[in-house]
Amino acid sequence: MKYLVTGAAGFLGSNLCARLLAEGHQVIGLDNLHSGRQVNVDWLASMSGFTFVRHDVIEPFDIACDVLCNLACPASPPHYQEEPVNTAKTAVIGTLHALENAARHNAVLLQASTSEIYGDPLVHPQPETYWGNVNTLGPRACYDEGKRMGETLCSDFTRLGKVDARIIRIFNTYGPRMRGDDGRVVTNFIVQSLSGKPLTISGDGSQTRSFCYVDDLIEGLLRVIALGSNPGPVNLGNPVEFTMLELAAEVQRLTGSRLPLVRMPLPADDPKQRKPDISKAERILGWRPKVELSEGLSRTIDYFRRQA
Ligand code: UDP
């Protein structure tokens, strides 16, 4: 099969491409290297079957493929908020261009949507049927609303019979090939611990997230593509929920860091809780994450130790 992966130089994109190449597929990786990294492209280029195209999805593209995985978009809150208009354009116009390309080449499209479409959720855990609680005016809106519009475009293209566009809603995912300066909590805690700095806790640290190891996420994503028909949106994430204080304690235990935590202000619109309801994924994909937090964090810490 010929796969086109937008955002191939990013964390999820590069891990996805590597898995596809290992399975013997032909992969064209597309990225503008804005938040994705050349080092990930170099890694993929060392495997057979990979072609890299440097391109910004804000501009149209025309590349033949059987499956198009649309992952291009900065995803870490500090990064996507740095250039909010660019983030919104990437999420909306980039998705439109991906859909147009998929329609032209009769390809199945896999849309990387996000738990952020649920905003600061009032329903817990979040099932796919929940419509969300997003502040349209806040600093996260460029990403949240961009991704919501991405879902709208995918469902319209599907309803119109133009593309079979499958939506996955990705909850917090971590693992090797994240950027050390990504700004998200897992990488911040690991990099801070390994460089002998105190861990930065936003707010009182009681807010929760549920962390999925990247290999589990990629497995779920591929199972959505392999389904015989479009299942509608599917949550993919690990349903085991932790407070940020618990995450900090676990990273400290695994790295041996003992410095006291440093408190930071809680960012605007920071969701108080997040945990996927994965019963749909379990039912239709027979999928459930296998890697526990301690194991996934150990592997990620090893990766960052090797980078040092
Ligand atoms: N956070 C933290 N310390 C950090 C970075 C983030 O306590 O150094 C908190 C952040 O405020 C949020 C949670 O960790 O409550 C997860 O943040 P992240 O940026 O990883 O992703 P989000 O789930 O908010 O998109």
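In this text the structure is predicted, and so the values were computed from the model without any measurement.

I would appreciate a short explanation of the pattern of salt bridges in the present structure.
A side chain of one charge can pair with a side chain of the opposite charge when the charged atoms of the two come close. Following the criterion strictly, the structure yields 19 salt bridges and no others. Across the pair aspartate 270 and arginine 140 runs a salt bridge, and its minimum N-O distance is 3.8 Å. Remark: arginine 140 occurs in the loop between β5 (108-114) and α5 (141-159) and aspartate 270 occurs in the loop between β13 (262-264) and α9 (279-285); sequence separation between them is 130 residues. Across the pair, exposure class does not vary: aspartate 270 and arginine 140 are buried alike. Between arginine 253 and glutamate 250 there is a salt bridge, with its nearest N and O atoms 2.8 Å apart. Of this pair, arginine 253 and glutamate 250 are both found in helix α8 (residues 244-255), three residues apart, which corresponds to roughly one turn of the helix. By relative accessible area, which is 56% here, arginine 253 ends up exposed. Since its relative accessible area comes to 17%, glutamate 250 is described here as buried.

What is the right way to read the side chain of serine 113 from this model?
Inspection of the secondary structure assignment puts serine 113 in strand β5. Beyond its immediate chain neighbours, meaning those up to four positions away, serine 113 contacts Lys147, Glu151, Ile167, Ile168, Arg169 and Ile170.

I would appreciate a short explanation of the environment of aspartate 269 in the present structure.
Topologically, aspartate 269 is positioned in the loop between β13 and α9. A sequence separation of 195 residues divides aspartate 269 from proline 74, and the C-alpha atoms of the two residues are 18 Å apart. Look past the residues within four positions of aspartate 269 in its chain and what remains in contact with it is Asn135, Gly138, Pro139 and Arg140. Here the side chain of aspartate 269 touches asparagine 135 through a polar contact of 3.0 Å, side chain to side chain.

Sorry, what's going on with the site of the ligand here?
Asn172, Thr200, Arg209, Asp270 and Arg274 are the nearest of the 18 residues found near the ligand. Side-chain polar atom of aspartate 270 to an oxygen atom of the ligand: 2.5 Å apart, as the coordinates give it. Contacts to the ligand include arginine 274, whose side-chain N or O atom sits 2.7 Å from an oxygen atom. Relative to its unbound accessible area of 520 Å², the ligand is 93% covered by the protein chains. Contributions of two or more residues to the shell around the ligand are made by α6 (185-194) and β8 (200-202). When its residues are assigned to classes, the shell around the ligand shows six nonpolar, six polar and six charged.

Quick question: what am I supposed to make of the side chain of arginine 166 here?
When you line up the elements, arginine 166 lands in strand β6 (residues 165-170). Polar contacts involving the side chain of arginine 166 include one to the side chain of aspartate 164, which spans 2.7 Å. Among the polar contacts made by the side chain of arginine 166, one reaches the main-chain carbonyl oxygen of isoleucine 225 at a distance of 3.2 Å. Residue contacts for arginine 166: discarding those within four places in its chain leaves Val108, Leu109, Leu110, Gln111, Val224, Ile225, Leu227, Gly228, Ser229, Asn230 and Pro231.

Would you take a moment to explain α6 for this structure?
An α-helical turn contains 3.6 residues, so any two residues separated by three or four positions project in the same direction. Buried residues of α6: Val186, Thr187, Phe189, Ile190, Gln192 and Ser193, and no others. Where the residues of α6 are buried, they touch β7 (173-174), β8, α8 and α10 (293-307).

Hey, could you run me through the environment of glutamate 219 in this one?
Relative to the elements of secondary structure, glutamate 219 occurs in helix α7 (residues 214-226). With relative accessibility at 22%, the residue glutamate 219 sits in the partly exposed group. For the pair glutamate 219 and arginine 19, spaced 200 residues apart in sequence, the C-alpha to C-alpha distance is 9.1 Å. Ignoring sequence-local partners within four residues, the contact set of glutamate 219 consists of Arg19 and Trp287.

Reading guide: rules and limits
- Residues numbered from 1 in each chain as written.
- Predicted model: local features only at pLDDT ≥ 70, side-chain atom pairs only at ≥ 80, totals over all residues.
- Heavy atoms only, no water.
- Salt bridge = Lys/Arg side-chain N within 4 Å of Asp/Glu carboxyl O.
- Helix = DSSP H or I, 4+ residues; strand = E, 2+ residues; numbered from the N terminus.
- Buried < 20%, exposed > 50% of the residue type's maximum accessible area, 1.4 Å probe, protein only.
- Contact = heavy atoms within 4.5 Å.
- Polar contact = N/O pair within 3.5 Å; in protein donor to acceptor, adjacent residues only side chain to side chain.
- Near = heavy atom within 4 Å.
- Areas by Shrake-Rupley, 256 points an atom, 1.4 Å probe, with all protein chains shown as cover.
- Nonpolar A, V, L, I, M, F, W, Y, C, P; charged D, E, K, R; others polar.

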